[in-house]
Amino acid sequence: MAPVLSSRAGLWWGLLGVAAFSLTVPMTRVAVESGTLSPLFVGSARAVIAALLAAAALVLTRQQLPRGDQWFRLALVGGGVVIGFPLMTSYALTTASASHSAVVIALLPAATAVLAVLRGRERPPAVFWAMATVGAAAALGFAALRGGGFGSGLVWSDMLLFGAVVAAAVGYAEGGLLSRELGAWQTVSWALVLCAPLMTVLAVASAVQQPPSGTPVEWGALAYLAAVSMYLGFFAWYRGLAIGPMAQVSQVQLSQPVMTIGWAALLLGEALTWPTVLGGLAVILCATIAVRARLGRTAIVPTKREVSPHIRSGGGRA
């Protein structure tokens, strides 16, 4: 059985997903900043809307039900990217700026890489770990220039963002593995459907407690979070992780703080300075070196279950 190939296709799919996710923090900030849409409503309603899209896609394409422990693994994915990350970032961004949030979220590629190694049994070479570490440090330093760093100490929003990073890393790593069996868009679709009852209860409860009365711009931000950040972006992201290697593909996220702060400057009026530009170039350089590092000879040889027709053919079950 041949090992999972280190394909440029995985990197390009991953980069497309990252581009979609780069607007998540600014759009969340737009949605919750004024307080007319509560963070609980934004975090849950986006999942409910995405679940409706997912259910329609699954029914129309007549997808087969997941089997056995796949349901438990889907619960891990949903707990990370459907429940944990959206809710924690929604609450954190009521007080934290988009730039400051990038300080913590820049740790996500390293966290995903560690979990990919532990869960996916990948064995990247030393140069990968070296550049992933340097890249994470560069991303943190770059974002700190715009967000003020942690000089004032950790506050509750920082702790929420740390929790969001851990939750997303778990969901990314498990989702990347599961996508090799179910398909990329099928994985996120089933995770959304599985979490839909809980998120619906939370959305209704938050709407009763604080009736939503957002502006058209805020509702538009919520629509983006639901359709793109919560659903369509994962089509590309899980596809890239499934092609893998996950530890390497995850490092394209080092460019996300650059994109996020760029969007924050455009949408939220934050100034774009030369240190920001130079820091962004440093982050992208580290990411490029990391993703070009090849897997060593001890890389995992996947089982038949891990290499599914979804990856070989690029399609899904119809």
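Residues numbered from 1 in each chain as written. Predicted model: local features only at pLDDT ≥ 70, side-chain atom pairs only at ≥ 80, totals over all residues. Heavy atoms only, no water.

As annotated in an unreviewed UniProt entry, the chain is DMT family transporter from Nocardiopsis exhalans. Word for word, the UniProt comment on the chain under Sequence similarities (unreviewed entry) is "Belongs to the EamA transporter family." Under the heading Subcellular location (unreviewed entry), UniProt records this for the chain: "Membrane". (UniProt positions renumbered as here; feature names shortened; annotations may be inferred.)

Chemist: Got a sec to walk through the side chain of Ser189? Specific residues and values, please.
Modeler: Structurally, Ser189 can be placed in helix α9 (residues 184-209). With near-sequence residues (within four places) excluded, Ser189 lies in contact with Ala54, Leu58 and Tyr231. (Helix = DSSP H or I, 4+ residues; strand = E, 2+ residues; numbered from the N terminus. Contact = heavy atoms within 4.5 Å.)

Chemist: I'd love a proper account of the pattern of salt bridges, names of residues and values included.
Modeler: Throughout the structure, instances matching the rule amount to three salt bridges. Salt-bridge contacts for Glu33 lead to Arg29; the nearest nitrogen and oxygen are separated by 3.7 Å. For Glu33, a relative accessible area of 47% gives the class partly exposed. Among the ionic pairs, Arg73 bridges to Glu181, the shortest N-O distance being 2.9 Å. One end of the pair, Arg73, is in helix α4 (residues 70-92); the other, Glu181, is in helix α8 (residues 156-182), and 108 residues separate them in sequence. Judged by its relative accessible area of 7%, Arg73 is buried. (Salt bridge = Lys/Arg side-chain N within 4 Å of Asp/Glu carboxyl O. Buried < 20%, exposed > 50% of the residue type's maximum accessible area, 1.4 Å probe, protein only.)

Chemist: Break down the side chain of Ser22 for me, citing the residues and quoting the values.
Modeler: With respect to the secondary-structure elements, Ser22 resides in the loop between α1 (8-21) and α2 (24-32). The exposure class of Ser22 is buried, given its relative accessible area of 1%. Beyond its immediate stretch of four places on either side in the chain, Ser22 contacts Gln256, Met259, Thr260 and Trp263.

Chemist: Describe unusual backbone geometry, and please don't skip the residues or the numbers.
Modeler: Backbone geometry places Arg62, a non-glycine residue, at a positive phi of 55 degrees. Tracing the backbone shows Arg62 in the loop between α3 (39-60) and α4.

Chemist: Account for a nonpolar patch on the surface, naming residues and giving values.
Modeler: Side chains of Leu65, Trp71 and Leu194 sit close together on the surface and give an oily, nonpolar patch of about 270 Å² of accessible area. Following the sequence through the fold, Leu194 ends up in helix α9. Residue classification places Leu194 among the partly exposed residues on the basis of a relative accessible area of 35%. (Patch = residues over 30% accessible without salt bridge, like charges linked within 9 Å, V, L, I, M, F, W, Y side chains within 5 Å. Areas by Shrake-Rupley, 256 points an atom, 1.4 Å probe, with all protein chains shown as cover.)

Chemist: I'd like a rundown of the environment of Ala226, residues and numbers included.
Modeler: Along the polypeptide, Ala226 turns up in helix α10 (residues 216-243). Taking relative accessible area as the criterion, Ala226 reaches 1% and is therefore assigned buried. Placed 178 residues apart in sequence, Ala226 and Val48 show a C-alpha to C-alpha distance of 8.0 Å. Not counting the four nearest positions on each side in its chain, Ala226 is found in contact with Arg46, Ile49, Ala50 and Tyr231.

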